Amino acid sequence: MCGTRGVDDVRAEDACPAACGACDDDATVAPTSASSDECSDSASWYYKKSKKTCATFVSKKPKNCKRKDGFKVKASDACPATCGGCDAGDEADDAACQDSSSWYSKKSKNGCDWASKKSKNCKKKDEFKVKALEACPATCGACGD
């Protein structure tokens, strides 16, 4: 059983080293992807250094979603909320129509609140060419009825 791989292609002995007798005093548990039942980022995934997490590293640049950790788990799998891998599916419209808390245009103070001050600001783009209209749908009036 310890050699088998789970849903996220993580080996059982990596995810459960104690159960497989693979522990030593300095053992670490392999990070796993977020649960498929919910859309949240992994609390244990990081890229090379423990301070490079979904929130501190992956969220800074979309290309970081392609990075893999030491266990070859892609950031896009471990950080679906950050990397946009969440399926809105049957979520409530209110949940699907939320403004980004990280989007801004040119200056960090130019976020969704700033976009709400003038309608022309909803046409402004961030460094990744994402318009405020897309990142701030509630503020810019882009939510469905």
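Residues numbered from 1 in each chain as written. Predicted model: local features only at pLDDT ≥ 70, side-chain atom pairs only at ≥ 80, totals over all residues. Heavy atoms only, no water.

### Description of the packing of aromatic side chains
Okay, so step 1: For the structure shown, the criterion picks out one aromatic pair.
Okay, so step 2: Taking the centre distance of 5.1 Å and the plane angle of 5° together, the rings of Tyr 47 and Phe 57 count as stacked. Of the two residues, Tyr 47 sits in the loop between helix H1 (12-15) and helix H2 (75-78) while Phe 57 sits in the loop between H1 and H2, which places them ten residues apart along the sequence.
Okay, so step 3: Residue classification places Phe 57 among the buried positions, given a relative accessible area of 13%. (Phe/Tyr/Trp six-rings, centres within 6.5 Å; stacked < 30°, edge-to-face > 60°. Helix = DSSP H or I, 4+ residues; strand = E, 2+ residues; numbered from the N terminus. Buried < 20%, exposed > 50% of the residue type's maximum accessible area, 1.4 Å probe, protein only.)

### A look at the nonpolar core
Okay, so step 1: Counting ten residues, the largest nonpolar core consists of Trp 45, Tyr 47, Cys 54, Phe 57, Val 58, Cys 65, Val 73, Ala 75, Ala 78 and Cys 79.
Okay, so step 2: If you look at the next biggest cluster of nonpolar residues, it comprises nine residues, including Trp 103, Cys 122, Cys 136 and Cys 140. (Core = buried A, V, L, I, M, F, W, Y, C linked by side-chain atoms within 4.5 Å.)

### So, unusual backbone geometry
Okay, so step 1: Positive phi is not limited to glycine here, since Lys 106 has a value of about 65°.
Okay, so step 2: Within the element layout of this structure, Lys 106 appears in the loop between helix H4 (93-96) and helix H5 (112-115).
Okay, so step 3: Of note, Lys 129 is a non-glycine position whose phi angle comes to about 70°, a positive value.
Okay, so step 4: When you line up the elements, Lys 129 lands in the loop between H5 and helix H6 (132-135).
Okay, so step 5: Lys 129 sits in the exposed class, given a relative accessible area of 61%.

### Quick word on the state of the cysteines
Cysteine pairs can be covalently joined through their sulfur atoms, and such a bond is termed a disulfide.
Okay, so step 1: In total, this model carries five disulfides according to the counting rule given.
Okay, so step 2: One disulfide in the model links Cys 65 with Cys 83; its S-S distance is 2.1 Å. As the torsion about the S-S bond is roughly -100°, the Cys 65-Cys 83 disulfide counts as left-handed. Of this pair, Cys 65 sits in the loop between H1 and H2 while Cys 83 sits in helix H3 (residues 80-83); the two residues are 18 residues apart in sequence, bridging distant segments of the chain. (Disulfide = S-S within 2.5 Å.)

### Describing the environment of Lys 74
Okay, so step 1: Along the chain, Lys 74 turns up in the loop between H1 and H2.
Okay, so step 2: Judged by relative accessible area, which is 35%, Lys 74 ranks as partly exposed.
Okay, so step 3: Here Lys 74 is in contact with Trp 45, Lys 66, Arg 67 and Lys 68, once residues within four sequence places are set aside. (Contact = heavy atoms within 4.5 Å.)

### Points about the side chain of Asn 121
Okay, so step 1: Assignment of secondary structure puts Asn 121 in the loop between H5 and H6.
Okay, so step 2: In this structure the side chain of Asn 121 is engaged in a polar contact, spanning 3.1 Å, whose partner is the backbone oxygen of Trp 114. (Polar contact = N/O pair within 3.5 Å; in protein donor to acceptor, adjacent residues only side chain to side chain.)

### Notes on the confidence of the model for the protein chain
Okay, so step 1: Looking at the protein chain, the pLDDT average stands at 78 and 66% of residues meet or exceed 70.
Okay, so step 2: Model confidence for the protein chain, summarised as mean pLDDT per element, is weakest for H4 at 54 and strongest for H5 at 91.
Okay, so step 3: Note on residues 25-29: pLDDT under 50 across the span, and five contacts to partners over four residues away in sequence or across chains.
Okay, so step 4: Per-residue pLDDT stays below 50 along residues 32-37; that stretch engages in eleven contacts with residues further than four places along the chain or on separate chains. (pLDDT = per-residue confidence, 0-100.)

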